[in-house]
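Architecture at a glance
Each chain, written out:
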Amino acid sequence: METGSLNSESLNRNVAMSVRGGTGKKQGGVAGKVEPFVSQNEHNPRELRSWAKRTGFVSDYSGEAGTSGSAKFEAFERKGGGSSPKIEIDPVVGRTRRDEIETESRGGAPRAENGAVLDERGRKEKERDGGERKVALNGNANNGMVNNREGNGHGVSAVAPVNEEKEGEEGNGDVKVNVFPEGEEHRDGGWQRPLGLKCGLKENPGIVPLIYYGLQHYLSLTGSLVLIPLVMVPVMGGTDKDTATVISTILFLSGITTILHSYFGTRLPLVQGSSFVYLAPALVIINAQEYRNLTEHKFRHIMRELQGAIIVGSIFQSILGFSGLMSVLLRLINPIVVAPTVAAVGLAFFSYGFPQAGTCPEITIPQIALVLIFTLYLRGISIFGRHLFRIYAVPLSLTIIWIYASFLTAGGAYNYKGCNPNIPSSNILLDACRKHAYTMQHCRTDVSNALATAAWVRIPYPLQWGIPIFHFRTSIIMVIVALVASVDSVGTYRATSLQVNSRPPTPGVVSRGIALEGFCSILAGLWGSGTGSTTLTENMHTIDITKVASRKVVVVGAAFLILFSFIGKVGALLASIPQALAASVLCFVWALTAALGLSNLRYSQSTSFRNITIVGVSLFLGMSIPAYFQQYQVESSLILPSYLVPYAAASNGPFRSGIKQLDFAINALMSLNMVVTLLVAFLLDNTVPGRQEERGVFVWSRAEDISTDPSLLSEYSLPKKVVRCCCCFNFKCLGV
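Let me begin by describing the structure that accompanies this report. On a predicted model such as this, the values are computed, not experimentally measured, just so you know. (Residues numbered from 1 in each chain as written. Predicted model: local features only at pLDDT ≥ 70, side-chain atom pairs only at ≥ 80, totals over all residues. Heavy atoms only, no water.)

Quick look at the overall build of the protein
Scanning the protein from terminus to terminus reveals 30 helices and 9 strands. For the protein, the proportion of its 736 residues judged to be buried stands at 51%. At a minimum sequence separation of 6, the contacts of the protein that also span at least 24 residues come to 79%. Total accessible area on the protein stands at roughly 34,200 Å², and carbon and sulfur atoms take up 59% of it. (Helix = DSSP H or I, 4+ residues; strand = E, 2+ residues; numbered from the N terminus. Buried < 20%, exposed > 50% of the residue type's maximum accessible area, 1.4 Å probe, protein only. Contact = heavy atoms within 4.5 Å. Areas by Shrake-Rupley, 256 points an atom, 1.4 Å probe, with all protein chains shown as cover.)

A short note on helix α24 (residues 609-630)
Because each turn of an α-helix spans 3.6 residues, side chains separated by three or four positions in sequence point in the same direction. Taking 1.5 Å per residue, 22 residues should reach 32 Å; α24 reaches 31 Å between its end C-alpha atoms and fits that length. Of all the positions in α24, only Arg610, Asn611, Ile614, Val615, Ser618, Leu619, Gly622, Pro626, Phe629 and Gln630 are classed as buried. Looking at the buried residues of α24, the elements they touch are α11 (335-347), α23 (579-598), α25 (649-652), α26 (660-670), α27 (673-685) and α28 (692-695). (Expected span 1.5 Å × (residues − 1).)

Some details on the side chain of serine 486
Relative to the assigned elements, serine 486 resides in helix α18 (residues 472-499). With relative accessibility at 0%, the residue serine 486 sits in the buried group. A polar atom in the side chain of serine 486 sits 2.9 Å from the backbone oxygen of alanine 482. If sequence neighbours within four positions are ignored, serine 486 has contacts with Gln317, Leu320, Met326 and Ile514. (Polar contact = N/O pair within 3.5 Å; in protein donor to acceptor, adjacent residues only side chain to side chain.)

What about unusual backbone geometry?
Even without being a glycine, leucine 463 presents a positive backbone phi close to 55 degrees. The residue leucine 463 is located in the loop between α17 (450-453) and α18 in this model. Given a relative accessible area of 35%, leucine 463 falls into the partly exposed group.

Observations concerning the pattern of salt bridges
Once the charged atoms of two side chains with opposite charge are near each other, the side chains can pair. Using the criterion set out here, one finds 5 salt bridges in the structure. Across the salt bridge formed by aspartate 446 and arginine 444, the nearest N and O atoms sit 2.9 Å from each other. By relative accessible area, aspartate 446 is classed as partly exposed at 40%. For arginine 444, a relative accessible area of 6% puts it in the buried group. The shortest N-O distance in the salt bridge between aspartate 544 and lysine 547 comes to 3.6 Å. By relative accessible area, lysine 547 is classed as partly exposed at 28%. Salt bridges linked by common partners bring Arg610, Asp685 and Arg695 together as one network. (Salt bridge = Lys/Arg side-chain N within 4 Å of Asp/Glu carboxyl O.)

Examining the packing of helix α6 (residues 240-264) against helix α22 (residues 568-575)
Viewed as axis vectors pointing N to C, α6 and α22 meet at an angle of 115 degrees, and their least axial separation amounts to 8 Å. In the crossing of α6 with α22, the sense of the turn from one axis to the other is right-handed. Here α6 contributes Asp240, Thr243, Ala244, Ile247 and Ser248 to the contact with α22, which in turn contributes Gly571, Ala572, Leu574 and Ala575. Each residue belonging to the contact of α6 with α22 can be placed in one class, and the counts come to 5 nonpolar, 3 polar and 1 charged. (Axes fitted to C-alpha atoms, helices over the stretch in contact; angles between N-to-C directions. Left-handed = near helix turned anticlockwise from the far one by under 90°. Nonpolar A, V, L, I, M, F, W, Y, C, P; charged D, E, K, R; others polar.)

So, the environment of glutamate 715
Along the chain, glutamate 715 falls in the loop between α29 (703-708) and α30 (720-728). For glutamate 715 and serine 497, which are 218 residues apart along the polypeptide, the C-alpha to C-alpha distance reads 9.7 Å.

As for helix α9 (residues 298-322)
The end-to-end C-alpha distance of α9, which contains 25 residues, comes to 36 Å, matching closely the 36 Å that a straight helix rising 1.5 Å per residue would cover. In the stretch just after α9, glycine 324 is the one whose phi turns positive, near 85 degrees.

A short note on the nonpolar core
Of all hydrophobic cores here, the largest spans 122 residues; its most connected members are Phe276 and Leu279. With residues up to four places along the chain from it excluded, the contact list for phenylalanine 276 reads Gly223, Ser224, Ile228, Val345, Phe349, Glu538, Leu586, Val589 and Trp590. If you look at the next biggest cluster of nonpolar residues, it comprises 8 residues, including Ile336, Ala343, Leu601 and Leu619. (Core = buried A, V, L, I, M, F, W, Y, C linked by side-chain atoms within 4.5 Å.)

Overview of a nonpolar patch on the surface
A surface patch of nonpolar side chains, about 610 Å² in accessible area, is lined by Trp456, Val457, Ile459, Leu563, Phe564 and Ile567. Along the chain, leucine 563 turns up in helix α21 (residues 551-565). Residue leucine 563 is classed as partly exposed on the basis of its relative accessible area of 45%. (Patch = residues over 30% accessible without salt bridge, like charges linked within 9 Å, V, L, I, M, F, W, Y side chains within 5 Å.)

A short note on the state of the cysteines
One pass over the structure, following the stated rule, counts 1 disulfide. Sulfur-sulfur distance for the disulfide between cysteine 360 and cysteine 443 comes to 1.2 Å. Looking down the S-S bond of the cysteine 360 and cysteine 443 bridge, the torsion is -75 degrees, so its handedness is left-handed. Within this pair, whereas cysteine 360 is found in the loop between α12 (353-357) and α13 (361-377), its partner cysteine 443 is found in helix α16 (residues 431-443), the two being separated by 83 residues in sequence. Grouping residues by exposure puts cysteine 360 and cysteine 443 together as buried. (Disulfide = S-S within 2.5 Å.)

Description of the packing of aromatic side chains
Any aromatic ring pair is given by two values, namely how distant the centres are and how the planes are angled relative to each other. Scanning all chains against the criterion turns up 13 aromatic pairs. Note on tyrosine 263 and phenylalanine 264: the rings are 6.4 Å apart at their centroids and 50 degrees apart in plane angle, and the pair reads as tilted. Classification of tyrosine 263 by relative accessible area gives partly exposed; the value is 37%. Here phenylalanine 374 and phenylalanine 389 contribute two aromatic rings whose centre-to-centre distance is 5.0 Å and whose plane-to-plane angle is 40 degrees, an arrangement assigned as tilted. Of the two residues, phenylalanine 374 sits in helix α13 while phenylalanine 389 sits in helix α14 (residues 388-391), which places them 15 residues apart along the sequence. You can call phenylalanine 374 buried: its relative accessible area is 6%. Aromatic ring contacts, followed pair by pair, group Phe276, Phe349, Tyr352 and Trp590 into a single cluster. Across the ring face of tyrosine 603, the terminal group of arginine 494 is positioned such that the distance to the ring centre comes to 5.9 Å. Here the guanidinium or amino end of lysine 569 rests over the ring plane of tryptophan 456, the centre of that ring lying 5.5 Å away. (Phe/Tyr/Trp six-rings, centres within 6.5 Å; stacked < 30°, edge-to-face > 60°. Lys NZ or Arg CZ within 6 Å of the ring centre and 35° of its normal.)

The values are spatial; any link to function lies outside them.
Below is the structure:
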């Protein structure tokens, strides 16, 4: 058997074996004879693999006749397993070598002669200490080689180290043999903290750091947690006391739902709370024609209407998760769908943002400028080893401008002769006060009487506003919105799992998270927060800034939220934020939501013309089609503010079928930017041809990978008692 100067590259472990041959002469001493490969016109691939395994044929170089440099044959899979065993094959004799490295028969790491597991560093040290290992083909004992014979008559040459090669020999070369099959990677079998994180997913930093990091995590989300009631409640006709009560309810529900999600949902460090996804449809329902002229108990009536719609939509979301239908839907939801949909959630409020903030430019423009300075220009400044300006950009800037607005109020900047700061209805009748009434209501810091009227201790309770009201038209709206909220959460799950260096969750785990979000939204409907509960998209930005991804930190912070919700003065203090100041903060928060949505495009080929076209068309039509529905004039004796006119299209839209309930639902849905964007993006992405890599198809953890390495799902595993209960009810579709 002749050997030439053959050299190929080992793709996975770089374990090199040098094959020392003669000078072009036939070698003797090799027991057994390798059967030649006879080509057939119609061959069975299994027979081809069997021949390759029996003869040891490994085509790892392009110079062999009749073979391709990239051709490889996979080893047989173990019975019931999902990965190939790690086998070293002598490329000439065709026997499996078991002298130096054992096969990885049970998914573990390679082992040495004494059975010890060799990690990456250990293998390199062993190769460095032992030097190159030479395989003798002539069976000459004088060269330090001994032929081992087995009962089948084949001879397998032993391995012995040789310090150096003889110079002058022709035809000598090195053949590097793959010890592990292509595509296999070393698995450590457990979770490790990724580089850059201060606190990993399963870590417990201690009592004091837990409290500090927990409060820090929620302070950075202040704008998303508590500012929604400042937009909704005044439009609903609620008082300052009602605003404080709704804020306390939202804090309570956010704490409860976050704890539930951390233990029974996806178990990722995600904060649950009132989402902006539900704000736009809530404003549509609030501005329905029959509610515009209500004067008595308007707030409670609209809140009960919202509660009934949220409960119905949440039940649909729970069924979507518990039934396993979400797993089927996940095959059609990709970054090209998620990115424009989430971006449309933030862009939908452009008509409210600065038009509302522009009433008091002397405080709102400094607020927007200050939060941008903190997040962009001062983001690299570290104080006591912490980037305080990036972490606390919103609460810090809000506090500074709030104090500044208090000085303006106390200094008489908003005083007008003959006008009451509390703006009673009599001021509307006076010409001198009419033009100043709106400014005084939105800019003064002493207008709200929430602190004076709120109780020190108040515990939110279910049905505190009354029995929910169920109508078909509003229920249909919230069912579609619940689907949009699910799409939003799917993108957040994927992005957060990559941030904390966790494996992507399985479709079952995602279904479990969506099902629990639906259940939490049912709680929000019963307690009456005005919006449903879902995963806050801004949480991804918070984890990226704070570098804290421990679920225990999130749970401790949620416990503090529950405690603060019992203190009525806390909600009252937040309710006294001037409305214009809250709108300026929301300008930044909504812009951040749009940017985080578009950031999902990094999981796809963002330069692809296909993707660029789909995202662009989806966003444009998602803004333009609702504008068409919103252009119809409002039929009301009261003139709505300009920022509320787009949400009055449900009662006056162009769709007319003769069924009032259906007309209201269709006009409302088509006037919502996020709904139209989702429909267009979903249709185009799933009908226009494109490769998986181009589309950025989410590759969730696969069942075959989990069967060989169960530790892949250790981060998402439920508590043991919960697993037993779920197994009794056969909830395998939830990743149990």
